[in-house]
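Coordinates in review
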Amino acid sequence: MNGMWFVRHGALPPNPERRIVGNRDIPLSPAGREQIRVLARDFMPILAGRLAAVVSSDLGRCRETASILLTGNEWAASPPPIHLEPDLRELNLGQWQGLTKAEIEQRFPGQYDARGRNFPHYCPEGGESFAQLQNRALDAVNRWRRHYPTGTLLVVAHAGVIRSLLAYYMALPLNDVLRIPQEYACQTFVPEW
Ligand SMILES: O=C(O)[C@@H](CO)OP(=O)(O)O
């Protein structure tokens, strides 16, 4: 069956202060690598024989996830190509990245709340909005689907990217995007319609 599997990368190192990650290039933690090894063993065999290609965000945590996913014996003879796609990078939150919520409120008074009032379209300085993210991610996925019109595509990306795509496929408003669950290393199938 044609369709796309979306896989979020594994866990990052603990971030107890909840500093904004965004599209910073932070590698998987050892626990995150183990999550993906489990996925390579338990999930990937169901794609054997029907996986056309892997399309991954070019950030390290997704690149590494994609390459661990293809370590099983079922891919040894003819591994599917892995395409690195910058348009699947995580939401760019510009000058907010690396900061805590308290630091954002201190350095950019009022902006955090302003985003809450216009969540889909608010664009922090130097960054982008969820609507912009959704457009570029959708363009990228559609482009790769046209390149591989048959077979299953495996898309390895980030919570914000996958949520924005799933919101589109489920016709949910972007205001509700954070309600879509996206645990580390989770998998979601979107059939072709
Ligand atoms: O580690 C996380 O919680 C996030 C970073 O914002 O991961 P990602 O957005 O890359 O899915």
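Residues numbered from 1 in each chain as written. Predicted model: local features only at pLDDT ≥ 70, side-chain atom pairs only at ≥ 80, totals over all residues. Heavy atoms only, no water.

Labelled according to an unreviewed UniProt entry, the protein appears under the name Putative phosphoglycerate mutase, originating from Desulfovibrio intestinalis.

1. Brief notes about the packing of helix α1 (residues 30-42) against helix α2 (residues 60-69)
Worth spelling out the cut-off: Note on geometry: axes are lines fitted to C-alpha atoms, helical ones only across the stretch in contact, with angles between N-to-C directions running from 0 to 180 degrees. Runs of H or I in DSSP of at least four residues are treated as helices and runs of E of at least two as strands, each being numbered from the N terminus. Each crossing gets its hand from how the near helix is turned against the far one by less than a right angle, where anticlockwise is left-handed and clockwise is right-handed. Contacts were defined at the residue level, with two residues in contact if any of their heavy atoms lie within 4.5 Å.
Two elements in contact, α1 and α2, have axes whose closest approach is 8 Å; the angle formed by their N-to-C orientations is 35°. The way α1 lies across α2 gives a crossing that is right-handed. Residues Arg33, Ile36, Arg37, Leu39 and Ala40 of α1 form the contact with α2, whose participating residues are Glu64, Thr65, Ile68 and Leu69.

2. What to know about the pattern of salt bridges
Pairing between side chains becomes possible if they bear opposite charge and their charged atoms approach one another. We apply this condition: Should a side-chain nitrogen of Lys or Arg be within 4 Å of a carboxyl oxygen of Asp or Glu, the pair is scored as a salt bridge. Type-normalised accessible area, obtained with a 1.4 Å probe on protein chains alone, sets the label of each residue: buried when under 20%, exposed when over 50%, and partly exposed for intermediate values.
Enumeration according to the criterion identifies 12 salt bridges in this entry. For Glu103, the salt bridge identified is with Arg19, shortest N-O distance 2.7 Å. With Glu103 in helix α3 (residues 101-107) and Arg19 in the loop between β1 (3-8) and α1, this pair connects stretches of sequence that are 84 residues apart. With a closest N to O distance of 2.5 Å, Arg33 and Glu64 form a salt bridge. Placement of Arg33 in helix α1 and of Glu64 in helix α2 is noted, with a sequence separation of 31 residues between them. Residue Arg33 is classed as partly exposed on the basis of its relative accessible area, which comes to 24%. You can call Glu64 partly exposed: its relative accessible area is 24%.

3. Regarding the environment of Ala52
Mapping Ala52 onto the fold places it in strand β2 (residues 51-57). Taking the C-alpha atoms as reference points, Ala52 and Leu153, separated by 101 residues in sequence, lie 5.8 Å from one another. In this structure Ala52 touches Pro80, Pro81, Tyr148, Thr150, Gly151 and Thr152, once residues within four positions along its chain are discounted.

4. A few points about the sheet that holds strand β5 (residues 187-191)
To be explicit about the condition: By the convention used here, strands pair only if DSSP detects at least 2 bridges between them.
Strand order in the open sheet made by the 5 strands is β3-β2-β4-β1-β5, with mixed pairing throughout. In this open sheet, the two edge strands, each paired with only one partner strand, are β3 (82-85) and β5. Pairs of neighbouring strands in the sheet enclose a mean axial angle of 20°, with direction left out of account. Note: β2 against strand β4 (residues 152-157), 5 bridges, orientation parallel. What sits directly across from Ala53, in β4, is Leu153. Packing of helix α6 (residues 159-169) onto the sheet brings it into contact with β1, β4 and β5, and relative to β1 it is tilted by some 145°.

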